[in-house]
Amino acid sequence: MKVHEVYSFALSIPLSSVPPSAWERQWSNQVYTTVVGDRGRGLGESLLAGGIPAETIEGLVNSFLSKVMVNRDVDPASANEILQKVGFSAGLQGIMPIAISGIDIALWDLAAKQAEQALSEMLGKPRRREIPVYASFPRYRGCEDLLMAVRGAVQKGFEMIKIHQAPADAAKCLKSIRENYPRLKVAVDLNCGLSTDVAAKELSRMYSYGVEWFEEPVWPPDDYQSLKELRDFPIAAGEDEYRPSGFAQLIDSEVKYLQPDVTKAGGVTGFLRARELSEKYGVPLAPHVRPHRSYVGESATLQLAAVFEEVKWVEFCPWGYPEEIFSGTPLLSSGRAVLSSEKGVGTTLRWLDYAYRGGYDRLGLIDV
């Protein structure tokens, strides 16, 4: 597959949370990558994790990684290896693999389109067309706002949710959810908000309300020994892992779910490497994806989930996806997303009229 052009561009598709979220600005920026080949173009996405400016990804792709790819005849997996080899001395954690992820997804999208197949068909026969998804909420300013959002998700048929409240509020909000929705499945993303000396006590308090998993409970996220000491609780982790070695250490820490993110951990190729470990060691996947307002990484994840039954749950936007911006947006049926019939990763950008506004938008996951 000959590569003629590679470029990244940023948009600011506004988050439209009901009620308004405390993360309104930070979750309203996106960065995409286009790869142009002989017969069409592919689209990928890189996660602007933590509110990092899109210029970091755009600069890395447009000024460096694109130069490596142009005029090469490659398949997605070999291109991923090339990009890691040229970028490894800058580090294979963080910005570099996030940038590579966007290129990798775009290459898989292009390859599948050229084969006139959906990504799921290209990777193997899809085993399902309806994928279990859960409503993933941003952080709200209080439990009343969160409960309002939960009510809307339940009315839409979601059987599971995930909350991102700060540790100081999480137990109170869980109690409120349980009083109103005793059978609703709830996961809690703590965003590394607990210190190791109080983690067990705090998780025990929250677990009494019934929790499917605690996501990244302690700082730092790669404190594998502390995660192992919390193995009596259902722990999910992996959104901040970028290499198979990191996922292997999480498995050794006895986490309940691995959470590779296609927009961070090397794209589809990186996800497939994590999936191999999941299959080998029998640890299920609950992929991380920041789904709000952007459907590209989400769509690629759903395509992967259609093929690999190790994927038990996929993160999903409670309010759906804007059809005027993205094609192939999925129908929601009884807590399941119905897979797009489009070729490639299952979506294209229809409308680009959302100029990137830039600015300092640090996502305050941890008090500093």
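Residues numbered from 1 in each chain as written. Predicted model: local features only at pLDDT ≥ 70, side-chain atom pairs only at ≥ 80, totals over all residues. Heavy atoms only, no water.

What follows covers the overall build of the chain. Helices and strands together make up the secondary structure of the chain, namely eleven helices and twelve strands. Taking 368 residues into account, the globule formula puts the C-alpha radius of gyration at 21 Å, and the chain, at 19 Å, falls close to it. Along the longest, intermediate and shortest principal axes, the C-alpha atoms of the chain span 60 × 45 × 40 Å. Out of the 368 residues in the chain, the part that is buried amounts to 60%. (Helix = DSSP H or I, 4+ residues; strand = E, 2+ residues; numbered from the N terminus. Rg over C-alpha atoms; globule rule 2.2 N^0.38 Å. Buried < 20%, exposed > 50% of the residue type's maximum accessible area, 1.4 Å probe, protein only.)

We now examine the packing of aromatic side chains. Any aromatic ring pair is given by two values, namely how distant the centres are and how the planes are angled relative to each other. A complete count under the given rule lists eleven aromatic pairs for this structure. Taking 5.6 Å as the distance between ring centres and 80 degrees as the angle between the ring planes, the aromatic pair formed by tyrosine 134 and tryptophan 213 counts as edge-to-face. Residue tyrosine 134 is located in strand E4 (residues 130–136), and its partner tryptophan 213 is located in the loop between helix H7 (199–207) and strand E7 (214–215); the two are separated by 79 residues in the primary sequence. Owing to a relative accessible area of 0%, tyrosine 134 belongs among the buried residues under this scheme. Owing to a relative accessible area of 0%, tryptophan 213 belongs among the buried residues under this scheme. Ring-pair connections join several aromatic residues into one group, and the members of that group are Phe158, Tyr295, Phe316 and Tyr321. (Phe/Tyr/Trp six-rings, centres within 6.5 Å; stacked < 30°, edge-to-face > 60°.)

The next subject is the sheet that holds strand E3 (residues 40–46). Strands sit in the order E1-E2-E3 across an open sheet of three strands; the sheet is antiparallel. The sheet is open, and its two borders are formed by strand E1 (3–11) and E3, each paired with just one other strand. Neighbouring strand axes in the sheet, compared pairwise and without regard to direction, differ in orientation by 20 degrees on average. Two strands pair when backbone bridges link them, and E1 and strand E2 (residues 30–37) are joined in this way by eight bridges, in the antiparallel orientation. What sits directly across from serine 8, in E2, is threonine 33. Contacting E1, E2 and E3, helix H1 (residues 54–69) runs over the sheet at an angle of about 180 degrees to E1. (Pairing = 2+ DSSP bridges. Axes fitted to C-alpha atoms, helices over the stretch in contact; angles between N-to-C directions. Contact = heavy atoms within 4.5 Å.)

Across all of its chains, the model carries twelve salt bridges by this definition. Residue glutamate 179 pairs with lysine 175 through a salt bridge whose shortest N-O separation is 2.6 Å. Linking glutamate 179 with lysine 175, this pair stays in helix H6 (residues 167–180), spanning four residues, or about one helical turn. Take glutamate 179: its relative accessible area is 55%, and that puts it in the exposed class. The class for lysine 175 is partly exposed, based on a relative accessible area of 38%. In the salt-bridge network here, residues are joined through shared partners; they are Lys162, Glu215 and Glu315. (Salt bridge = Lys/Arg side-chain N within 4 Å of Asp/Glu carboxyl O.)

We now examine the state of the cysteines. On inspection of all chains with the given rule, the structure shows one disulfide. Linked covalently through their sulfurs, cysteine 143 and cysteine 173 form a disulfide whose S-S length is 2.1 Å. The S-S bond linking cysteine 143 to cysteine 173 shows a torsion near -90 degrees; that makes this disulfide left-handed. Of this pair, cysteine 143 sits in helix H5 (residues 143–155) while cysteine 173 sits in helix H6; the two residues are 30 residues apart in sequence, bridging distant segments of the chain. (Disulfide = S-S within 2.5 Å.)

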